[in-house]
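# Examination of the molecular architecture
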Amino acid sequence: MLSRLDLPTVLLFYNTSLLAGAFAIIHVRRNSWRPDGLMALAAAYLMLAAGAALAWNGEEAALPPAVWTHGSLLLGLVGYAVFFAGIRAMSGHRSVRWGRLMTPVLLCFLAGLITGFPLDNLSRAGAFHVAAVLSLAGSAHEMLRNHRLEALPSSRLLAALLALSGGVYALRLVFILNGTAGSAGFSLAFFVQMFCHFGVALMVATISKERAEVRLAQLADTDPLTGVGNRRWLGTRLPKQLRGHSAVLQLDLDRFKQINDRHGHAAGDAVLVAFANCLKAQLRESDLLARTGGEEFLVYTPNVTEAVARMIAERLRASVEQLRIVEDGTPLPVTTSIGVAWVADGSSPTPDCLARADAMLYEAKREGRNRVAFSTMPPQATDTAAS
Ligand SMILES: Nc1nc2c(ncn2[C@@H]2O[C@H](COP(=O)(O)OP(=O)(O)OP(=O)(O)O)[C@@H](O)[C@H]2O)c(=O)[nH]1
C-alpha cells in the first residue's frame, strides 16, 4: 500500500506529523516545571516541516531550483542541529555549545553555495541524511546517558525511537550512496519517520509528566527548610521492627524558643539549617536523618554496637555544641539533648523504640540539657523477634 502513495501525499503526512509534534511539545512546555530544551525541540520540528514544504513546492516547480534546494537543505541541517540541542538540554541540564554545533552546518551550507552540490538531488539528500543520522544517534546517546542519572520509565523508550529514526536514515543513506534508493523505500522511510515524530513528541510529554511525579514525591517527603526527610518519609523508610545492634536517636535543640524570641524567626531558621547540616555531616550513608517536628530530629543508625551507638550520640552532641552560628554579627550558641534507644540482640517493635528514645530525650532535658540519655531495649520473646 505504501508503495502506491505518491510523493506529495507522503510529504503531506510527514509534515502533518512534524506540525502536530511541534504543537504537542509547545503545549507540554507551557505546563512543564522543567521546560529546558522543549522550545528548541519544537523549533526543530517546525524547521524540518518548513524544509520539507519547501522541497515539496520545489518538486512541483513552484520555486526556482536555487532557492528551494539551498533553502530546504539549510532548514534540514539547522533543524537537526537544533533537534540535538533540544534533546541534550532536555535530558539533563547540560549546556549546549551552539558555536560548535552550528559551525559544520554553516560550513556545509557555504560549501553548497560555492559548489552548487545541493542542486543535485542525491548529493542534497546525502548531506541531509548524514545530518539526520548524526543528530538522532547523538540524541539517543544523550537520552541513554540521562537514563543512568534519572531512571525515568520513558527515557529508554525515547532513546529507542531516536535510534530507530536514526537507523532508518542510516539505511537510506547506504541506498543513496550506492545509487539504489527507490520511491517505495522512500515512502516507507518517511512513514517510519512519521511514526517516530509522533512517538518522540509523546515520549517528551510523558517524560515531563514523570518528572513532575518524581518532584511531587520528593516534595512530599522532604522538609523544605532543611532539605532532610520529613516524618512521612521516615515512616516509609523505618522497618517495622528494629533489628539487634541498631539505634534510634531523638534530638531536640535546647531552649530554641529563646533564640526565636531574642533574635527572630529567621535566625531560628538559620539555626535549624545549621543543626541539620551538622547532623548530616556526621552520619553514614546507611543512617537515616529526618526532621520530625519543629526543632526535633530523629536519627536511625543500623549495625552499631552499644559502644558505637553511645559514641555516635556523644559525637553529635559535641559537634552541635561546637557549631559557630552568627546572625547579624551576633553569635548564637546552640546545644542539643539526645535520647537514645539501642536494640541489643533480637529485635524490638519500632514504635516502642521511638517511645523509649523520646522518654530518654525527656530525661536528658530534665537532667540539665546538652547531654545524652541512653537506654537499651529489653530483649523480646523469640517469636516476636523472629517476625
Ligand atoms: N524559627 C523556627 N522556629 C520553629 C520552627 N518550628 C518550631 N519552631 C519553634 O520552636 C520552639 C520550640 O520551643 P519549645 O518546644 O518550648 O522548646 P525549647 O525552647 O527548645 O525548650 P526545650 O526543648 O525544653 O529545651 C517554638 O518557639 C516554635 O515556635 C521553625 O520551622 N522555624
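Residues numbered from 1 in each chain as written. Predicted model: local features only at pLDDT ≥ 70, side-chain atom pairs only at ≥ 80, totals over all residues. Heavy atoms only, no water.

Rule in force here: UniProt positions are given in the numbering used here, feature names are shortened, and annotations may be inferred rather than shown by experiment.
As recorded in an unreviewed UniProt entry, the protein chain goes by diguanylate cyclase and comes from Roseateles chitinivorans. Heading Catalytic activity (unreviewed entry) of the UniProt record for the protein chain holds this comment: "2 GTP = 3',3'-c-di-GMP + 2 diphosphate".

## With respect to unusual backbone geometry
Filter applied, for reference: We count a stretch as a helix when DSSP gives it H or I for four or more residues in a row; a strand needs E for two or more, and each element gets its number in order from the N terminus.
Phi at Asp328 is positive, roughly 50°, even though this residue is not glycine. Summarising the element assignment, Asp328 is placed in the loop between strand E6 (326-327) and strand E7 (330-331). With a phi close to 50°, Asn370 is a non-glycine residue in the positive phi region.

## What to know about the UniProt feature "transmembrane region" (unreviewed entry) in the protein chain
UniProt tags residues 6-26, 38-56, 68-89, 101-119, 125-144, 156-177 and 183-205 as "transmembrane region" (unreviewed entry). Within the segment residues 38-56, helix and strand shares are 100% and 0% respectively, and the terminal C-alpha atoms sit 27 Å apart. As a span, residues 68-89 carries 100% helix and 0% strand, and end to end its C-alpha atoms are 31 Å apart.

## Some remarks on the pattern of salt bridges
What counts here: One side-chain nitrogen of Lys or Arg within 4 Å of one carboxyl oxygen of Asp or Glu is enough to make a salt bridge. Accessible area is worked out with a 1.4 Å probe on protein chains only. A residue is then buried under 20% of its type maximum, exposed over 50%, and partly exposed in between.
If you walk through the whole model with that rule in mind, you get 14 salt bridges. As a salt-bridge pair, Glu150 and Arg34 come within 3.4 Å of each other at their nearest N and O atoms. Pair noted here: Glu150 is in the loop between helix H5 (121-149) and helix H6 (153-177) and Arg34 is in the loop between helix H1 (7-30) and helix H2 (38-59), with a separation of 116 residues, a long-range link. For the pair formed by Glu150 and Arg34, the shared burial category is buried.

## With respect to the packing of aromatic side chains
The cut-off we apply is this: Put simply, two rings from Phe, Tyr or Trp (the six-membered ring, in Trp's case) pair if the centres are within 6.5 Å, and we call them stacked under 30 degrees between planes, edge-to-face over 60, tilted for the rest. Any Lys NZ or Arg CZ that is within 6 Å of a ring centre and within 35 degrees of that ring's normal is treated as a charge sitting over the ring.
In total, this model carries seven aromatic pairs according to the counting rule given. Between Tyr80 and Tyr169, the ring centres sit 6.0 Å apart and the planes meet at 80°, which makes this aromatic pair edge-to-face. Of this pair, Tyr80 sits in helix H3 (residues 65-92) while Tyr169 sits in helix H6, placing them 89 residues apart in sequence. With respect to burial, Tyr80 and Tyr169 carry one shared label: buried. Three or more aromatic residues joined by ring pairs form one cluster here, namely Tyr45, Tyr80, Phe83, Phe128 and Tyr169. The side chain of Arg215 reaches across the aromatic face of Trp33, ending 4.3 Å from its centre. The ring of Phe374 carries Arg310 above its face, with NZ or CZ at 4.0 Å from the centroid.

## Thoughts on the environment of Thr330
Condition: In what follows, residue pairs with any heavy atoms lying within 4.5 Å of each other are defined as contacts.
Position of Thr330 among the secondary structure elements: in strand E7. Linking Thr330 and His263, residues 67 residues apart in sequence, is a C-alpha distance of 8.9 Å. With near-sequence residues (within four places) excluded, Thr330 lies in contact with His263 and Ile325.

## Observations regarding the nonpolar core
Spelled out, the test is: Buried residues of nine kinds, namely Ala, Val, Leu, Ile, Met, Phe, Trp, Tyr and Cys, make up a nonpolar core once their side-chain atoms join them within 4.5 Å.
Counting residues in hydrophobic clusters, the biggest one holds 53 residues, and the most contacted among them are Tyr80, Phe83, Leu158 and Leu162. Broken down by secondary-structure element, the contributors of at least two residues to this core are H1, H2, H3, helix H4 (98-115), H5, H6 and helix H7 (183-221). Per element, the largest residue contribution to this core is eleven residues, and it comes from H3. In this structure, Tyr80 is in contact with Tyr14, Leu48, Phe128, Ala131, Ala132, Ser135, Leu136, Tyr169 and His197, ignoring residues within four places of it in sequence.

## Brief notes about the site of the ligand
Selection rule: We define proximity as follows: a residue is near a molecule or strand when any one of its heavy atoms falls within 4 Å of that partner. Distance and chemistry together define a polar contact, namely a pair of N or O atoms within 3.5 Å, with one atom able to donate a hydrogen and the other to accept it when in protein, and with adjacent residues in sequence counting only for side-chain atoms on both sides. Each accessible area value is a Shrake-Rupley result obtained with a 1.4 Å probe; residue values ignore everything except the protein chains displayed when judging cover.
Of all residues adjacent to the ligand, which total 16 residues, the nearest are Arg255, Phe256, Lys257, Asp269 and Arg291. Leu253 has a polar backbone atom sitting 3.2 Å from an oxygen atom of the ligand. His265 places a polar main-chain atom, nitrogen or oxygen, 3.1 Å from a nitrogen atom of the ligand. Against a free-state accessible area of 670 Å², the protein chains account for coverage of 67% of the ligand. Elements that contribute at least two residues to the shell around the ligand include exactly strand E3 (246-253), helix H9 (256-263) and helix H10 (265-282).

## Examining H2
So the rule is basically this: For a helix, the expected span equals 1.5 Å multiplied by the residue count minus one.
For H2, built from 22 residues, the straight-helix expectation of 32 Å at 1.5 Å per residue is met to within 8% by its first-to-last C-alpha distance of 32 Å. One or two residues past the end of H2 sits Ala61, with phi positive at roughly 65°.

## Thoughts on a nonpolar patch on the surface
Selection criterion: The patch calculation keeps residues exceeding 30% relative accessible area without a salt bridge and links them within 9 Å when they carry like charges or within 5 Å when they are nonpolar (Val, Leu, Ile, Met, Phe, Trp, Tyr).
On the surface, Leu19, Ile26, Met39 and Leu46 cluster together into a nonpolar patch covering about 330 Å² of accessible area. Position of Leu46 among the secondary structure elements: in helix H2.

## Quick word on the packing of H5 against H6
To keep it simple, the criterion reads: The angle between two axes is taken between their N-to-C directions and runs from 0 to 180 degrees, where each axis is a line fitted to C-alpha atoms and a helix contributes only its stretch in contact. Any angle that is under 35 degrees is reported as roughly parallel, and any over 145 degrees as roughly antiparallel; angles of 65 to 115 degrees are reported as roughly perpendicular and all others as oblique. Crossing handedness follows the turn of the near helix against the far one: under a right angle anticlockwise gives a left-handed crossing, and clockwise gives a right-handed one. Nonpolar residues are Ala, Val, Leu, Ile, Met, Phe, Trp, Tyr, Cys and Pro. Charged residues are Asp, Glu, Lys and Arg, and all others, Gly as well, are polar.
Orientation of H5 relative to H6, taken along the N-to-C sense of each, is 155°, at an axis distance of 8 Å. For the element pair H5 / H6, the angle class is roughly antiparallel. The hand of the H5/H6 crossing is left-handed. Tallied by class, residues from the contact of H5 with H6 come to 18 nonpolar, seven polar and two charged.

## Quick word on the environment of Ala290
Positionally, Ala290 belongs in strand E4 (residues 288-291). For the pair Ala290 and Phe84, spaced 206 residues apart in sequence, the C-alpha separation works out to 41 Å. Not counting residues up to four positions away in its chain, the partners in contact with Ala290 are Val228, Gly229, Asn230, Trp233, Leu234, Glu296, Phe297 and Leu298.

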